[in-house]
Every structure is written in C-alpha cells, then in structure tokens.
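Summary of structural features
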Amino acid sequence: DKKMNSKRLLLEGGGNAANTACALGRLSDYVSSHVVTAIGNDDYGDRIVKDLQENNVGVENVERFLDNDATSPFSYIIVTPDNARTIIHQPAIYEMSVDFADKIDISHYTAVHFDGRHPQAALHLSKRLVQANIPYSVDVERPRGAGHDELLENASIIICSSDYCNKVLGPPTTNGPPTNQEYVERLRQVARMQTPHAVLAMQTVGSKGSYLIRLHSSGDNADSDISEQERTILEEDTNSCAPAVTQHSGALWCSTWGGIDIVDSTGAGDAFQGGFIAGLWTYMKANFPEESSSSSSSSEGLESISDEALAHAMRIGTRVAAKKLECLGARKGLPYVTDDHPLQKEFQNLLAVPPKVRTSGFRVRVKISAKKQIK
C-alpha cells in the first residue's frame, strides 16, 4: 500500500551465464561465445536474442517454445541509493528439452560453461562433453536441486559464490570472519565432496577479491602447499590500479581493482567469470596449437598452466568485473577489450608468459549453457 518513485529505469538482458557470455562477447578479439538456452516465443524472447547478438554472442542454439503461455523469464531489480538490491523474479514455465540438448553440435567447441539452470538438459549435455573429452566449468552460485551434484561431478573448473561453502557446510564454527586458510580448507572440502575431477576451484569473496586453488595437481600452487608465507606472483600496478596477486595458504589471491566508483553490483560475479574464462582459454589457445589433437589433453593442460598465467587470468576477470560495477545493470559497463587499455595490457602480459608444457591443441570457442532473463 505504499507508492514510491524511481529515479532511473534500465531494461536489459540478464541471467548468470548469459551475462558471462556477453562479457566474453565483448572480448571477441580473443574468444568467441555461443549460448545454449530455452526462452518463450514472445516479445521478451525476441529482445533477449537481439541483446545477445548485439554483444557478439552466437544464438544458433536457442530453443524457442511456441505455446502461448511459454513466456520468457523476467526479473525486476530494485537498486537503492546504498547499492542494496531486491530482485523479483518471474521464472520460465518450461525447461530446455533433453532432445534439444542432444541435437547440439559440440564438435567445434572445446570449453563449455554452465550456470546450473535447465538441470536435466545441462546434465545430458555435460555427459556428452565427458564422452568427447571437452572440459567444462560451472558457476556454483547455490545448490540447485536435482542434477546439480551430477553436473558438478565431472566439471574441470568450479567458480563458487562467496557464501556457497556456507550453504553446503554450514557457517564456520569459529568466531569472526574466516581466515584465509579457513576459506581455502572449506573450499577444498566442498570440492572433495562435490567435484572430484575438478582441476581448478575458485571463490569470489566480495571486497577481498577472489582466490583460486589447484586440485589433484603437483603444480606451482599444489594441493599440499598450505604455507601462510606469502609469495608475490604479480606486483600491484599503481598506474593502472591493477591489484597484486599473491600465493599463500595454498591458493592464489587476487584483490579487487582499485580506483572504481561502485554504482551497482548486479552481475559482477558473472562479469568476473567471463573475464577469467576468456583469459584462461586465450592462454590455452596460444600455447596448445590448434593443429595438435585435443582428444586427451584438457585436464593435462589445465594442470600444467603456471601460477603467473592463472594470476593474469584472475586479473582480467577482476578488471571486467570492476568496469561492470561502475554502471547500472549487468551488461552496460562490460568493457570492450579494444576500448580498455588496462585490459589490453593484461592480455598482452598473459600471452607473454612462457608455457610450462606444450602438449595438445585447443580451439577457443566457448559455448555457454544458460537461462536468459530480461532485467
């Protein structure tokens, strides 16, 4: 019974993996992205497709439901002056069909990213990827019910939200915020429980930035290395405000990008994932030539990537997220690599990192499995 006026209105696309796909699309000098989803055959669905295309995202694998009641998902997001958000979501009535997922041509893609929606179709697609030895990553925002654990089981990379471990394990028993080592130990515990074949696990931790751990690896930042002694991988760049990346407590830690005026946090995690994925697979492409076979190398290549290369990929994700934070909505602030000098510099520095091992080849065309929303 209360009427309030808003100061601004923004209508744009949203949804976790759709936002990640758009972040990748704006980095198209290095990677290409294509989306897999199901939406209604309505005006909102048309707007969803158009918005994706305008962000350089391929839409050839979008299932459109023809029923009159098959509306596309929609979210209202209310942002208050203190940057707090309230989200009112109208979900889609139908899920992507398994038959549609079964017909998708996966032969041209060597990396897939899931956000956990459309669980049965996603699970079916993930099994096809395992058979084809194509690695996939999962945005682990929260437990999503049936099919979620099975989807995680064969993931190569998981990227967890700041409170996911708490949702799985319960809150920490110690008083006060977790220590860095406690963060790492809890993420390892979740990874052992849910994703036994993963090579890399990440977690975003709000204003602390993000951290990454290796799983089942003998690399620079091996599973057994839980020393509190800090080792600097990348120095802070005071000119561009690029954050330092350090190694300690068995993880790589990347702080947030400096000099940013935060307007809206909607989609920041999705943007970070897009930037990180772009950096990671760009490096794999450059150092695992296309002419070599990729039939048996996905895990081997990820395990052999150096801390320095991973650090630059983390910084790329951090930069993409930082630019998004400066604008209202999930996509308006996503940077185009051609327009952002610090981002260009990070890609150049990434590609200058010498590879530890040269084995097999990767074609970098990232297919995204997602549910679309208009926000």
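Residues numbered from 1 in each chain as written. Predicted model: local features only at pLDDT ≥ 70, side-chain atom pairs only at ≥ 80, totals over all residues. Heavy atoms only, no water.

Quick word on the layout of surface pockets
Of the voids in this model, the largest pocket is the one considered here, and its volume is about 1,200 Å³. Residue lining of the largest pocket: 42 residues in total, with Arg85, Ser265, Gly267, Ala268 and Gly269 positioned closest to the centre. Looking at the lining of the largest pocket, the element that brings in the most residues is helix H8 (residues 268–287), giving 5 residues. The computed volume of the second largest pocket comes to approximately 960 Å³. Lining of the second largest pocket is provided by 26 residues; of these, Ser6, Arg8, Ile77, Ile78 and Val79 occupy positions nearest its centre. It is strand E4 (residues 74–79) that provides the largest number of residues to the lining of the second largest pocket, a total of 6 residues. (1 Å grid on protein atoms, 1.4 Å probe; cavity = no way out; pocket = protein on both sides within 12 Å on 5 of 7 lines; lining within 4 Å. Points joined across faces, edges and corners; volume = space filled by probe spheres on them. Helix = DSSP H or I, 4+ residues; strand = E, 2+ residues; numbered from the N terminus.)

Points about the packing of aromatic side chains
With the rule as written, the count across this model stands at 7 aromatic pairs. For the ring pair Tyr30 and Phe347, a centre distance of 4.0 Å and an interplane angle of 5° mean the geometry is stacked. Of this pair, Tyr30 sits in the loop between helix H1 (16–25) and strand E2 (32–40) while Phe347 sits in helix H11 (residues 341–351), and the two are 317 residues apart along the sequence. A residue is classified by how much of its surface remains accessible, and Tyr30, at 22% relative accessible area, is partly exposed. The class of Phe347 is buried, set by a relative accessible area of 0%. Clustering of aromatic rings is evident, with ring pairs tying together Tyr44, Phe74 and Tyr76. (Phe/Tyr/Trp six-rings, centres within 6.5 Å; stacked < 30°, edge-to-face > 60°. Buried < 20%, exposed > 50% of the residue type's maximum accessible area, 1.4 Å probe, protein only.)

As for the environment of Glu95
Tracing the backbone shows Glu95 in the loop between strand E5 (85–90) and helix H3 (98–102). A polar side-chain atom of Glu95 sits 2.8 Å from a polar atom in the side chain of His118. (Polar contact = N/O pair within 3.5 Å; in protein donor to acceptor, adjacent residues only side chain to side chain.)

Notes on the nonpolar core
Within the largest apolar cluster, 52 residues are counted, with the highest numbers of intra-cluster contacts made by Leu52, Leu212, Phe276, Leu280, Trp281 and Phe347. The element that contributes the greatest number of residues to this core is H8, accounting for 9 residues. (Core = buried A, V, L, I, M, F, W, Y, C linked by side-chain atoms within 4.5 Å.)

A closer look at the confidence of the model for the protein chain
Summarising the model, the protein chain shows a mean pLDDT of 87, and 88% of its residues fall at 70 or more. Per-element mean pLDDT across the protein chain ranges from 40 in strand E15 (residues 373–374) up to 98 in strand E13 (residues 251–254). Confidence drops under a pLDDT of 50 for residues 358–363, and excluding neighbours within four residues, the segment shows 32 contacts in the predicted structure. Here residues 371–375 is modelled with pLDDT under 50, and outside its nearest four sequence neighbours on either side it reaches 46 contacts, counting other chains as well. (pLDDT = per-residue confidence, 0-100. Contact = heavy atoms within 4.5 Å.)

Quick notes on unusual backbone geometry
Positive phi values are uncommon outside glycine, yet Asn133 reaches one of about 60°. The residue Asn133 is located in the loop between helix H4 (119–132) and strand E7 (136–140) in this model. What makes Asn133 partly exposed here is its relative accessible area of 29%. With a phi close to 70°, Cys241 is a non-glycine residue in the positive phi region. By secondary structure assignment, the location of Cys241 is in the loop between strand E11 (231–234) and strand E12 (245–248).

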